[in-house]
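One letter stands for each residue in the lines below.
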Amino acid sequence: MTSHNTRPSSLRAICMLPGMPHLLLSDQPQYQALVRSAQALGQDLIQRGVQRIVYFSTQWLAVLDQLVQGGSEVRGIHVDPSWHEMGEIPFDFQIDRPFAETVAREFTLGGQTTKLIDYCDFPIDTGTIVADRLLQGSSRAWTTMVACNVYSSFEDTRSLGQMLGKCIAGDPRPTAVCCVAGLSGHMFTTPIQLTEDTIRLEQDDTWNRRIIGLLEKGKHAEILGLLDGFAQEARSDMGFKAFALCLGLADGAGIPLPQARCHAYGPIYGTGAAVLSFLC
Amino acid sequence: MGIVAGFLAPHPPHLVYGENPPQNEPKSRGGWEMLRWAYERCRDKVRALAPDVILVHSPHWQTVVGHHVLCVPRLQGRSVDPIFPHLFRYTYDMQVDTHLANTIFEEGIAEGLTMSRMTQPKFRVDYGTLVSLHMLNPNWDIPVVGLSANNSPYYYDDKIAQDEMTRLGAATRRAIHKSGRRAILAASNTLSHFHFSREPNPDLPEDMSREHIHSQAQYEWDMRVIQLMREGRTRELLDILPTFMREAFAEVKAGSLTWMLSAMDFPEIPATLHGYGSVIGTGNAVMEWDLSQYATGGSPI
């Protein structure tokens, strides 16, 4: 809980990571900056005392309800349906069930029809698994996951972030929230040599750098005015709802959203990807 | 040998849930009987036709780069539907006709398509594939081939996308002939696809007093499309599909129906409607094209 004394907020960091399996399953040099920076960020979170990571992934899509992961056994082997040629990814999450219940309760009180997911073999999305493996390696902080509802608007997602931020602020366990999302979304739809990976459209690169620059300067209002253009011209990942969640989190935790730091930026199969942190 | 039948085989997991088969963990009081009983007629037909293989094209196996085919001899696992986990937690064990899958791969390449073989044994099969195959053959005693839905409809315009599916269908037809298989095709898709944004009765998902088509407009679209299929007016159907997709959010956009019609060489025989019903507001039709009866010289397509 944020206060006027020296006790740090439970919300220690917000970060944005890409969730494509290429970062784990390919040894191509052009992905290493993204990989190394995500790993270093993970180390930094540990040093900041983070004991819990909440994931919000644009690849975990909800349609009917808002979903929160509360399962007791969330482990297995994952094969991405589109990138299966790249191989398997093992995963093992230690879910913070009491916190997940708190979050689900808060969402319900906030008017969201919410389901707490606790099913053996419930599919965990590639993005969450990739981000977790990059941030945590073999460590196992407490985690939970919040789904990205396809039909939620930017403002709906921001409200969701507020509710989540409030839960984190009201809980003593130091927490980081990781939004798993890309930037521009024009992927190559034909095979490419990974050594030749690049942002598919020049306009996408322009858009990505512009958005990153504004995040680094903390010019959030300006970004809000650009969302439609970013979506239409650069096919931003889920309409950049990840940013909506970030704004909401800060609101809910009672702190301003800090200026971002961009640790790395680059292409993943044509899309724009960045490792960003907002350290609270 | 060749294609003996095609089925429009929608995949709402509610149909498996309503049936209470041993493979599915959640249990129900029934529900969606009209559609499930429609599938019973298809099951009888599948058994009578005695195919060597059932091929299914599923919108819920989405792939970005090209068209993919399942190519592992045996796939086992448990599939939990990410949207309806309370309805569908299904243990599957399927034999894949990898010879035919490889042939489809080769013919797709020859057609100029981007193709890929899925060879990971721990791959989790999507619920669309599983539901359609279960509803057609719950004994799983016929080998299968699963094909992905390439995402080109969502990256390019509908015409380019449907062209891709048409070529995939042609490649599939050639592959089936080369393989010597007696094949049944399944287009795993719903028709109109606007749906409820909340489950009408979370305490009883099978509460049929709350089940209805999402809108009159959707219903009219579904009837128009079904009537064209019943009259064998396949070419007209293809012409209106883009508008159907736009106005009714039709799941045919994923390409399964176009793939199947193309593989069957756009048959002008009347399709049989076995049943129609809504599932959380979407429109679903179970339909059959029996090619074994109408093919020239008694040979299938």
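Residues numbered from 1 in each chain as written. Chains lettered and ligands numbered in written order. Predicted model: local features only at pLDDT ≥ 70, side-chain atom pairs only at ≥ 80, totals over all residues. Heavy atoms only, no water.

Student: Honestly, the overall build of chain A in this entry has me stumped. Any pointers?
Tutor: Looking only at helices and strands, chain A features eight helices and ten strands. Here the C-alpha radius of gyration of chain A, 17 Å, is about what a compact globule of 280 residues would show, namely 19 Å. Reported as C-alpha extents along the three principal axes, the dimensions of chain A are approximately 50 × 40 × 40 Å. Taken across its 280 residues, chain A has 59% of its residues classed as buried. Pairs at least 24 apart in sequence give 81% of the contacts found in chain A among residues at least 6 apart. Split by element, the accessible area of chain A, about 10,900 Å² in all, is 49% carbon and sulfur. Computed over 22 positive and 29 negative side-chain charges, the inter-centroid distance for chain A is 8 Å. (Helix = DSSP H or I, 4+ residues; strand = E, 2+ residues; numbered from the N terminus. Rg over C-alpha atoms; globule rule 2.2 N^0.38 Å. Buried < 20%, exposed > 50% of the residue type's maximum accessible area, 1.4 Å probe, protein only. Contact = heavy atoms within 4.5 Å. Areas by Shrake-Rupley, 256 points an atom, 1.4 Å probe, with all protein chains shown as cover. Lys, Arg positive; Asp, Glu negative; His and termini not counted. Charge placed at Lys NZ, Arg CZ, Asp CG, Glu CD.)

Student: Is there a simple way to think about the side chain of T58 of chain A in this case?
Tutor: Residue and element names in this part refer to chain A. Relative to the assigned elements, T58 resides in strand 2 (residues 52-62). Among the polar contacts listed, one links the side chain of T58 to the side chain of D237, at a separation of 3.0 Å. Not counting residues within four places of it along the chain, the set of residues in contact with T58 comprises C148, V180, A181, D237 and M238. (Polar contact = N/O pair within 3.5 Å; in protein donor to acceptor, adjacent residues only side chain to side chain.)

Student: Explanation requested: the interface of chain B and chain A in the structure shown.
Tutor: Where interface size is quoted, it is often the accessible area lost as the parts come together. Across the boundary between the two partners, chain B contributes 34 residues, which contact 33 residues of chain A. Summing the contributions of chain B and of chain A, the shared interface buries around 2,900 Å²; its carbon and sulfur component is 57%. Summed over the shared surface of chain B and chain A, the result is two salt bridges. For K115 of chain A, the salt bridge goes to E199 of chain B, with nearest N and O atoms at 3.2 Å. Elements with a contribution of two residues or more to the side of chain B that touches chain A: strand 2 (53-63), strand 4 (74-80), strand 6 (115-118) and helix 5 (152-155) of chain B. Class assignment for the residues of the side of chain B that touches chain A results in 16 nonpolar, ten polar and eight charged. (Buried area = accessible area lost by both parts, 1.4 Å probe. Salt bridge = Lys/Arg side-chain N within 4 Å of Asp/Glu carboxyl O. Nonpolar A, V, L, I, M, F, W, Y, C, P; charged D, E, K, R; others polar.)

Student: Whenever I open this one, a nonpolar patch on the surface confuses me. Can you help?
Tutor: Together, L61, V150 and Y151 of chain A together with F194 and F249 of chain B give the surface a local cluster of nonpolar side chains, amounting to about 430 Å² of exposed area. Relative to the helices and strands, F194 of chain B is located in the loop between strand 8 (182-187) and helix 7 (216-230). (Patch = residues over 30% accessible without salt bridge, like charges linked within 9 Å, V, L, I, M, F, W, Y side chains within 5 Å.)

Student: Looking at this structure, how should I read the pattern of salt bridges?
Tutor: Two side chains of opposite charge can pair, provided their charged atoms sit close to one another. Across all of its chains, the model carries 30 salt bridges over all chains by this definition. Here the salt bridges share partners, and the residues they tie into one network are E107, E111, D163, R167, R174 and K178 of chain B.

Student: Would you mind going over the packing of helix 7 of chain B against helix 8 (residues 234-248) of chain B with me for this structure?
Tutor: Helix-helix packing is described using two parameters, namely the angle between the two axes and the distance between the axes. Residues and elements named next belong to chain B. The interhelical angle for the contact between helix 7 and helix 8, taken along N-to-C directions, is 165°, at an axis separation of 11 Å. As far as their axial angle goes, helix 8 and helix 7 are roughly antiparallel. Every pair of crossing elements has a handedness; the one defined by helix 7 and helix 8 is left-handed. Contact with helix 7, carried on its side by Q218, W221, D222, R224, V225, L228 and M229, involves E236, L237, I240, T243, F244, E247 and A248 of helix 8 and no other residues of that element. Class assignment for the residues of the contact of helix 7 with helix 8 results in eight nonpolar, two polar and four charged. (Axes fitted to C-alpha atoms, helices over the stretch in contact; angles between N-to-C directions. Parallel < 35°, antiparallel > 145°, perpendicular 65-115°, else oblique. Left-handed = near helix turned anticlockwise from the far one by under 90°.)

Student: Is there a simple way to think about the nonpolar core in this case?
Tutor: One recurring pattern in soluble globular proteins: nonpolar side chains tend to sit buried together. Formed by 50 residues in total, the largest nonpolar core has its most connected members in L215 and F240 of chain A. Considering each element in turn, this core owes the most residues, nine residues, to helix 8 (residues 241-253) of chain A. Look past the residues within four positions of F240 of chain A in its chain and what remains in contact with it is M16, F154, L183, I211, L215, I223, L227 and F230 of chain A. Formed by 49 residues, the second largest nonpolar core is a distinct cluster that contains Y17, V46, A186 and V286 of chain B. (Core = buried A, V, L, I, M, F, W, Y, C linked by side-chain atoms within 4.5 Å.)

Student: Can you walk me through unusual backbone geometry in this structure?
Tutor: The bulk of non-glycine residues show a negative phi, and the bulk of peptide bonds are trans. Backbone geometry at F240 of chain A places phi at a positive 60°, although glycine is not the residue there. Residue placement: F240 of chain A occurs in the loop between helix 7 (220-234) and helix 8. Overall, F240 of chain A belongs to the buried group, its relative accessible area being 1%. Not every positive phi belongs to a glycine, and I280 of chain B is a case in point at roughly 40°. Structurally, the position occupied by I280 of chain B is in the loop between strand 9 (272-279) and strand 10 (282-290).

Student: Would you take a moment to explain the state of the cysteines for this structure?
Tutor: Disulfide: a covalent bond connecting the sulfur atoms of a pair of cysteines. All names here are of chain A. In the structure shown here, the tally under the stated rule is zero disulfides over all chains. Note on C167: no disulfide assigned, nearest cysteine sulfur contributed by C179 at a separation of 15 Å. The class of C167 is buried, set by a relative accessible area of 6%. (Disulfide = S-S within 2.5 Å.)

Student: Sorry, what's going on with helix 8 of chain A here?
Tutor: An α-helix turns once every 3.6 residues. As a result, residues three or four positions apart point the same way. Residues and elements named next belong to chain A. Along its 13 residues, helix 8 runs 18 Å from first to last C-alpha, staying within 8% of the 18 Å computed at 1.5 Å per residue. A large share of helix 8 lies buried, amounting to eleven of its 13 residues. Looking at helix 8, one finds that the buried residues are K241, A242, F243, A244, L245, C246, L247, G248, L249, A250 and A253. Looking at the residues trailing helix 8, positive phi occurs at G254, about 75°. (Expected span 1.5 Å × (residues − 1).)

Student: In this structure, what is going on with the packing of aromatic side chains? I would like to understand it.
Tutor: What describes a pair of aromatic rings is the distance from one ring centre to the other and the angle between the planes of the rings. Applying the stated rule across the entire model yields 16 aromatic pairs over all chains. On the basis of an interplanar angle of 90° and a centroid distance of 5.4 Å, the ring pair of F230 of chain A and F240 of chain A is categorised as edge-to-face. With F230 of chain A in helix 7 and F240 of chain A in the loop between helix 7 and helix 8, this residue pair connects regions lying ten residues apart in the sequence. We note that F230 of chain A, like F240 of chain A, is buried. Between W61 of chain B and F123 of chain B, the ring centres sit 5.2 Å apart and the planes meet at 55°, which makes this aromatic pair tilted. Of this pair, W61 of chain B sits in strand 2 while F123 of chain B sits in the loop between strand 6 and helix 4 (127-136), placing them 62 residues apart in sequence. (Phe/Tyr/Trp six-rings, centres within 6.5 Å; stacked < 30°, edge-to-face > 60°.)

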